[in-house]
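Structural features, examined
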Amino acid sequence: MAIFVANESGATVDEQRLVDLSRHVLAAMGVAPLAELSILLVDAGHMEKLHVQWMGEPGPTDVMAFPQDELDDRPPPDDDHDVPPTLLGDVVLCPAVAEAQALKVGHSTTDELDVLCTHGILHLLGYDHAEEKEERAMFAEQARLLESWRRPAEAIE
């Protein structure tokens, strides 16, 4: 899996952790290894512009997801050489908003970025929370993925 991170936020963020988490989430969700994902970290001003432009809502938000290619549920062909990579899309995170939210809920900014990155990836994979049933399903999946990420490898076996 190709995961690209661009930190344009000015904040110090463990970019490798986001890559590792993203790989974990995508693998746990059964996403093909040829998938590509982009993670962009932006400041509050940039996030506010995106939030207004794409959601019509004022102020910065914590995470936005911009899907690209549709995921293909068909089994891969026997010969992977002719299969192009699937561009899942972009997850845009705002560390400044994540930091404020982390303070409110009582955990670290790193933990909040883990939650937001996982949430954004689930949106790219087709999850939504517009309706109560969808919200329950999405947040249950998010919790399962984060628990398996945080659990030491030896505890999984």
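Residues numbered from 1 in each chain as written. Predicted model: local features only at pLDDT ≥ 70, side-chain atom pairs only at ≥ 80, totals over all residues. Heavy atoms only, no water.

1. So, the packing of helix α4 (residues 109-124) against helix α5 (residues 132-150)
The axes of two packed helices give the description: the angle between them and the distance between them. With their axes 10 Å apart at the nearest point, α4 and α5 run at an angle of 130° to one another. The angle between α4 and α5 places the two elements in the oblique class. The way α4 lies across α5 gives a crossing that is right-handed. Across from Asp111, Asp114, Val115, Thr118, His119, Leu122 and His123 in α4, the residues of α5 making contact are Met138, Phe139, Glu141, Gln142, Leu145, Leu146, Trp149 and Arg150. (Axes fitted to C-alpha atoms, helices over the stretch in contact; angles between N-to-C directions. Helix = DSSP H or I, 4+ residues; strand = E, 2+ residues; numbered from the N terminus. Parallel < 35°, antiparallel > 145°, perpendicular 65-115°, else oblique. Left-handed = near helix turned anticlockwise from the far one by under 90°. Contact = heavy atoms within 4.5 Å.)

2. Let's talk about the pattern of salt bridges
With the rule as written, the count across this model stands at 4 salt bridges. A salt bridge links Glu132 to Arg136, with the shortest nitrogen-to-oxygen separation between them at 3.0 Å. Of the two residues, Glu132 and Arg136 both sit in helix α5, 4 residues apart, roughly one turn of that helix. The class for Glu132 is exposed, based on a relative accessible area of 59%. A relative accessible area of 51% places Arg136 in the exposed class. Salt-bridge contacts for Arg151 lead to Glu147; the nearest nitrogen and oxygen are separated by 3.6 Å. For Arg151, a relative accessible area of 31% gives the class partly exposed. (Salt bridge = Lys/Arg side-chain N within 4 Å of Asp/Glu carboxyl O. Buried < 20%, exposed > 50% of the residue type's maximum accessible area, 1.4 Å probe, protein only.)

3. Side note on the sheet that holds strand β2 (residues 36-41)
In space, the 4 strands of this open sheet follow the order β1-β2-β4-β3, with mixed pairing throughout. Each end of this open sheet is capped by a strand with a single partner; those strands are β1 (2-7) and β3 (63-67). The sheet shows a mean angle of 15° between the axes of neighbouring strands, taken without regard to direction. As defined by bridge partners, β3 adjoins strand β4 (residues 87-93) across 5 bridges and the pair is classed as antiparallel. When the bridges of β4 are listed, Ala65 appears paired with Val91. Helix α1 (residues 15-28) contacts β1, β2 and β4 of the sheet and is inclined by roughly 145° relative to β1. (Pairing = 2+ DSSP bridges.)

4. Let's talk about the nonpolar core
Residues Leu18, Leu37, Leu93 and Ile121 are the most contacted members of the largest nonpolar core, which totals 26 residues. Counting residues per element, the ones that place at least two in this core are α1, β2, β4, α4 and α5. Tallying contributions element by element places α4 first for this core, with 6 residues. The contacts of Leu37, once residues within four sequence positions are left out, are Ala2, Ile3, Phe4, Ser22, Leu26, Gly89, Val91, Ile121 and Leu124. Judged by nonpolar contacts, the second largest core, of 9 residues, contains Val42, Leu50, Met64 and Val97. (Core = buried A, V, L, I, M, F, W, Y, C linked by side-chain atoms within 4.5 Å.)

Geometric descriptors of this kind do not, in isolation, establish any biological role.
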